[in-house]
Structure formats: C-alpha cells, structure tokens
Amino acid sequence: MDWIAQTGPLGWIWFITLYALSCVLFLPGSVLSFGAGAVYGFWGGTALVSLASVAGALANFLTTRYLLRSWMERRFATSKKFHALNHVATKDAWRMIILTRISPILPHSLVSCAFGLSRVRFWRFIMASWVGFLPISAAYTYGGSVIGKAAKGGLDQGLSTWVLYAIEIAVTIVATVWITRAGQRALRSVAPEVLESQSPKK
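Right, let's walk through the structure included here. (Residues numbered from 1 in each chain as written. Predicted model: local features only at pLDDT ≥ 70, side-chain atom pairs only at ≥ 80, totals over all residues. Heavy atoms only, no water.)

### A word on the nonpolar core
Keep this limit in mind: In this description, a nonpolar core means a group of buried Ala, Val, Leu, Ile, Met, Phe, Trp, Tyr and Cys residues linked to one another through side-chain atoms lying within 4.5 Å. Exposure categories follow from relative accessible area, calculated using a 1.4 Å probe and restricted to protein chains: below 20% of the type maximum is buried, above 50% is exposed, and the middle band is partly exposed. Helical segments are the DSSP runs of H or I of at least four residues, strand segments are the runs of E of at least two, and each set is numbered from the N terminus. Contacts between residues were defined by any pair of non-hydrogen atoms, one from each residue, lying within 4.5 Å.
Counting 16 residues, the largest nonpolar core has Phe61, Ile97, Phe115, Val120 and Phe125 as its most contacted members. Where this core is concerned, the elements lending two or more residues are helix H3 (30-67), helix H6 (93-102), helix H7 (108-117) and helix H8 (122-153). Ranked by residue count, the leading element in this core is H6, at five residues. What Ile97 contacts, discounting residues up to four positions off in sequence, is Phe115, Val120, Arg124, Phe125, Ala128 and Ser129. Ranked by size, the runner-up nonpolar core spans nine residues in total, among them Phe15, Cys23, Ala36 and Leu48.

### Quick word on the side chain of Thr64
In plain terms, the rule: Side-chain atoms alone can form a polar contact between residues adjacent in sequence; in general such a contact is a pair of N or O atoms within 3.5 Å, and within protein one must be able to donate a hydrogen while the other accepts it.
Locating Thr64 in the fold gives a position in helix H3. Looking at Thr64, the relative accessible area reads 1%, which means it is buried. Looking at Thr64, its side chain comes within polar contact range of the main-chain oxygen of Asn60, at 2.8 Å.

Without other data, these values stay purely geometric and don't point to any function.
Have a look at this one:
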C-alpha cells in the first residue's frame with residue numbers, strides 16, 4: 001500500500017486492478033480496504049474502495065454474463081446458495097443487490113456471478129452495487145485510517161491518544177456489526193430462501 005501511494009494517481013489504478021483481481025479469484029478484499037484507509041485516510045480510502053468494489057463486481061458480472069456463462073452454470077450446478085440467489089434475482093433486483101452487498105454472509109463474488117446469470121440490467125447492477133458497498137467500505141476504511149494514524153504516530157504517543165484510538169476502533173466494530181446484521185435481517189425478510197440455503201440439512 002505504501003508503494004501504491006507513492007506512485008500518485010497511478011496508484012489508484014493499481015489498487016483498483018488489484019482489488020478487482022481479488023474479486024475474480026474469490027479472495028476477500030477487506031485487507032485491501034483497511035490498507036486503503038491506512039494510506040489514503042478515511043475520505044480518500046472510502047472513495048477508492050467504493051470504486052474498486054464496483055470494478056471487482058463488474059468484472060465478475062461481465063465475465064459470467066458474456067464469457068464464462070456455460071462454465072459458471074456447470075460450476076455452481078450443485079450450489080444451493082447460488083441457485084437461491086439466481087431465483088430471487090428477478091424478484092426485486094435493486095433491493096436484492098443492495099442487501100446482498102451489505103450482508104457479508106454472502107460472498108460478494110458469488111453474488112456478482114449470480115446476477116451476471118440473471119436478467120438484471122447493467123446500469124442497475126452498477127448503481128445498486130455502489131450503494132450497497134458504500135456503508136461497509138466506509139466502516140473498513142475508517143478502521144484502517146485509525147490503524148494508519150496509530151502506526152505513523154509510533155509508540156510514544158500519550159495515553160489519551162491510545163485510548164481515543166481504542167474507542168474509535170470499538171465504534172468501528174460496533175458499526176460494522178450493526179450494519180451487517182441489519183442487512184442480514186432485511187435480506188431474511190425479503191428473500192429467506194437465500195439464507196436458508198446455507199443451513200445444513202437436519
């Protein structure tokens with residue numbers, strides 16, 4: 001992240017490319033989100049992660065819809081979670097996209113692939129994904145910005161400063177948990193079959 005920051009505007013392109021690649025490979029992007037906050041601060045990090053998240057989602061969406069459709073259908077032929085997502089995608093695409101972005105219980109890359117196989121429109125997918133990614137992106141980058149300030153300040157900072165850092169991290173954790181649980185409850189009320197597909201058979 002330090003190297004990316006030192007490359008100036010080109011660093012944003014590198015970060016977005018790296019983030020999109022992590023989405024294509026089904027790898028979590030949370031570490032990169034924290035890193036963006038640590039290097040670029042809250043506002044810059046949030047803007048960057050928001051763009052990168054949408055770019056990653058778009059990469060999965062377009063790849064599934066136009067290049068690997070047949071392969072993806074075979075790949076997830078036995079996935080109950082994938083079929084549930086694909087089924088509810090046509091109900092209320094705008095709301096479903098936003099809720100599945102807010103709730104981390106569903107892998108974002110899998111969600112993008114499911115919507116790529118659906119009939120949801122391109123621009124609706126982009127805008128709804130951006131709106132859904134924004135709260136969690138802000139929470140992660142804020143936590144990263146606090147960690148970045150603590151690391152740059154060194155160990156010789158006063159006790160009151162470290163207490164403030166601890167409070168900020170605690171608030172970030174609480175806010176993240178609240179956002180994700182609220183998204184999960186809303187998703188359960190709209191499309192319970194998506195969450196039920198994760199439960200093991202009794």
